[in-house]
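Single-letter residue listing:
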Amino acid sequence: VVIVLPASSTLCNRQLIEVFIALASVTLQNRNIQRRLDQAYKEVELKVEKRTEQLTKEIERHEKTLRLLEENEEGYRLLAETATEMIVTVNLEGVITYVNKKGVELSGYKRQEAVGTDFSQIIPKESVGALKELLARRAEGFAENLLYETEFISKNGAVVPVEVSSNLIVKDEKPYGVLITARDNRDRIEEQARIKESKERYRGLINTMQEGLAEVDENWNI
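Here we summarise the structure given alongside this text. (Residues numbered from 1 in each chain as written. Predicted model: local features only at pLDDT ≥ 70, side-chain atom pairs only at ≥ 80, totals over all residues. Heavy atoms only, no water.)

**Section: the layout of surface pockets**
Considered as a void within the structure, the largest pocket measures approximately 670 Å³ in volume. Taken together, 24 residues make up the lining of the largest pocket; nearest its centre are K47, R51, Q54, N185 and R188. For the lining of the largest pocket, the elements supplying multiple residues, two or more each, are α1 (14-71), α3 (101-107), β5 (174-184) and α6 (186-208). Considering every element that reaches the lining of the largest pocket, the biggest residue donor is α1, with eight residues. Classifying every residue of the lining of the largest pocket by side-chain character gives seven nonpolar, five polar and 12 charged. (1 Å grid on protein atoms, 1.4 Å probe; cavity = no way out; pocket = protein on both sides within 12 Å on 5 of 7 lines; lining within 4 Å. Points joined across faces, edges and corners; volume = space filled by probe spheres on them. Helix = DSSP H or I, 4+ residues; strand = E, 2+ residues; numbered from the N terminus. Nonpolar A, V, L, I, M, F, W, Y, C, P; charged D, E, K, R; others polar.)

In structure tokens, the structure reads:
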């Protein structure tokens, strides 16, 4: 900070000058922090837009997968085994009838261990009721594609957060089972945690500094 005074003047109020310098410093720090937060928000918005685009493509691919399942089981299996998402089919009783290669990698279960297992055994207990209710609705013909976040329990006991797409499988014009596609959601959750930590650090800096701080608009309204 450079303070320019007439030659005959002196800095007679040192405490006032120190307060001014401290406030100028805090203001600059605040602007710097705000710029970083704005940049983080922009990055999150871009990721959300990109993720939305990905989800749209995934829905289209899921619909294509369902058509393949109805028309060509072998073609479906080839598509499913090369997918980057975990793909599982269950019957209307909730028993796993198929799991793809990515599902084996993500869950830690061998294919022969997973197939024939009740799906409720690999999800948290608090989610079992919702699963059974959904299966009952599917059995009645509820065919709407569902997108939601949930968790499943891998073989080693780890709880894995996932984004899930659920579709009804129809065979001979009757409800036959459910196709579940899941994407590992851990990276996105970690990114959200980092952003939250940055916001809390910024809030902590403002709330613990020794100077009073107010923000006003161009008309000096607080």
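Moving on from the model shown.
**A word on the environment of T208**
Among the structural elements, T208 can be located in helix α6. Note: C-alpha distance between T208 and N100 (108 residues apart in sequence) is 52 Å.

**Quick look at the nonpolar core**
By size, the foremost hydrophobic cluster in this structure holds 20 residues, and its most contacted members are V88, V90, F119, I123 and F152. Among the secondary structure elements, those contributing two or more residues to this core are β1 (86-91), β2 (96-99), α5 (125-139), β4 (159-171) and β5. Apart from the residues within four sequence positions on either side, F119 is in contact with V88, V90, G94, I96, L131 and I180. In terms of nonpolar packing, the next biggest core, distinct from the first, is built from seven residues, L66, A80, I169 and L179 among them. (Core = buried A, V, L, I, M, F, W, Y, C linked by side-chain atoms within 4.5 Å. Buried < 20%, exposed > 50% of the residue type's maximum accessible area, 1.4 Å probe, protein only. Contact = heavy atoms within 4.5 Å.)

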